[in-house]
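Here is what each chain is made of, one letter per residue.
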Amino acid sequence: MNFWDKITGNDMTKELKTFEARVKKLPDDYQEVWEKINENLWVYSDFTGRKLMPILDGVIGMLEEAAAEGQSVEEVLGDDIKGFCSALVGEEGAKSFRDKWRKQLNNNIAKKLGK
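Numbering of residues starts from 1 in each chain and follows the order in which that chain's sequence is written. For a predicted model such as this one, the threshold for reporting local features is a pLDDT of at least 70, and the threshold for listing and counting side-chain atom pairs is 80 or more; totals across whole chains, interfaces and linings nevertheless cover every residue. Calculation of side-chain values draws on the structure's entire complement of heavy atoms; hydrogens and water are dropped beforehand.

The name an unreviewed UniProt entry assigns to the protein chain is DNA-binding ferritin-like protein (Dps family), from the organism Clostridium intestinale URNW.

Right, dumping it as structure tokens:
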């Protein structure tokens, strides 16, 4: 990846288009679940969103394998998509803006209190 693509985000745009092309090959119910997953995962993104790219790639890979095996979406992910996303990024160590701001606030308070 060259510097210009990284600064402008063109690398991520290309990767997201690749993801969308892969998702379009999936059955309709998988595509609907992908939209929900996509909505719920971006909450845990950093400023650029680059840290989510491997997670999104892994989720699409899992959906592709499940669709190829003929499994239903409910068998693979269950009913709680939001909980699935939370558990997924928790395992990967991704943090939301709220988590980062909470940590920063706690650090600032600790400094003010002399700890």
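This paragraph deals with the overall build of the protein chain. Broken down by element type, the protein chain carries seven helices and zero strands. Each helix corresponds to a stretch of at least 4 residues labelled H or I by DSSP, and each strand to a stretch of at least 2 residues labelled E; elements are numbered beginning at the N terminus. Shown N-terminal to C-terminal, the secondary structure of the protein chain runs as helices and strands in the order α-α-α-α-α-α-α. For every residue, the accessible area obtained with a 1.4 Å probe (protein chains only) is divided by the maximum for its type, and the residue is called buried under 20%, exposed over 50%, and partly exposed between those limits. In the protein chain, which comprises 115 residues, the share counted as buried stands at 30%.

Our next topic: the packing of helix 2 (residues 10-24) against helix 4 (residues 53-68). Two numbers describe how helix 2 lies on helix 4: the axes approach to 10 Å, and their chain directions differ by 10°. With respect to helix 4, the axis of helix 2 lies roughly parallel. Here helix 2 and helix 4 pass one another in a crossing that is left-handed. Contacts from Met12, Glu15, Leu16, Phe19, Arg22 and Val23 in helix 2 reach Met53, Leu56, Asp57, Ile60, Gly61 and Glu64 in helix 4. The angle between two axes is taken between their N-to-C directions and runs from 0 to 180 degrees, where each axis is a line fitted to C-alpha atoms and a helix contributes only its stretch in contact. Oblique is the label for any angle not covered by the other classes, which are roughly parallel (under 35 degrees), roughly antiparallel (over 145) and roughly perpendicular (65 to 115). Helix crossings get a hand from a simple test, with the near helix turned counterclockwise from the far one by less than a right angle marking a left-handed crossing and a clockwise turn marking a right-handed one. The criterion used for residue contact is that any of the two residues' heavy atoms lie within 4.5 Å.

This part is about the nonpolar core. Core analysis: the biggest nonpolar cluster contains 24 residues, and Trp34, Ile37, Leu41, Leu56, Leu63 and Leu77 have the highest contact counts within it. Listed by contribution, the elements that provide at least two residues to this core are helix 2, helix 3 (28-41), helix 4, helix 5 (73-77) and helix 6 (81-92). Ranked by residues supplied to this core, first place goes to helix 4 with seven residues. Setting aside residues no more than four positions away along its own chain, Ile37 makes contact with Val59, Leu77, Ile81, Phe84 and Cys85. Note on terminology: a nonpolar core comprises buried Ala, Val, Leu, Ile, Met, Phe, Trp, Tyr and Cys residues joined through side-chain atoms within 4.5 Å.

Turning our attention to the pattern of salt bridges. One side-chain nitrogen of Lys or Arg within 4 Å of one carboxyl oxygen of Asp or Glu is enough to make a salt bridge. Considering all chains together, one arrives at two salt bridges under this definition. With a shortest N-O distance of 3.0 Å, Arg22 and Glu64 are connected by a salt bridge. Here Glu64 lies in helix 4 and Arg22 lies in helix 2, a separation of 42 residues in the sequence. For Glu64, a relative accessible area of 28% puts it in the partly exposed group. The network of salt bridges with shared partners includes Arg22, Asp57 and Glu64.

Our next topic: the packing of helix 2 against helix 3. Between helix 2 and helix 3, whose axes approach to 9 Å, the crossing angle comes to 150°. By the angle class used here, helix 2 and helix 3 are roughly antiparallel. For the element pair helix 2 and helix 3, the recorded crossing hand is right-handed. For the pair helix 2 and helix 3, the contacting residues are Glu20, Val23 and Lys24 in the first and Gln31, Trp34, Glu35 and Asn38 in the second. Taken together, the residues that form the contact of helix 2 with helix 3 break down as two nonpolar, two polar and three charged. Just so you know the grouping, Ala, Val, Leu, Ile, Met, Phe, Trp, Tyr, Cys and Pro go in nonpolar, Asp, Glu, Lys and Arg go in charged, and all remaining residues, Gly too, go in polar.

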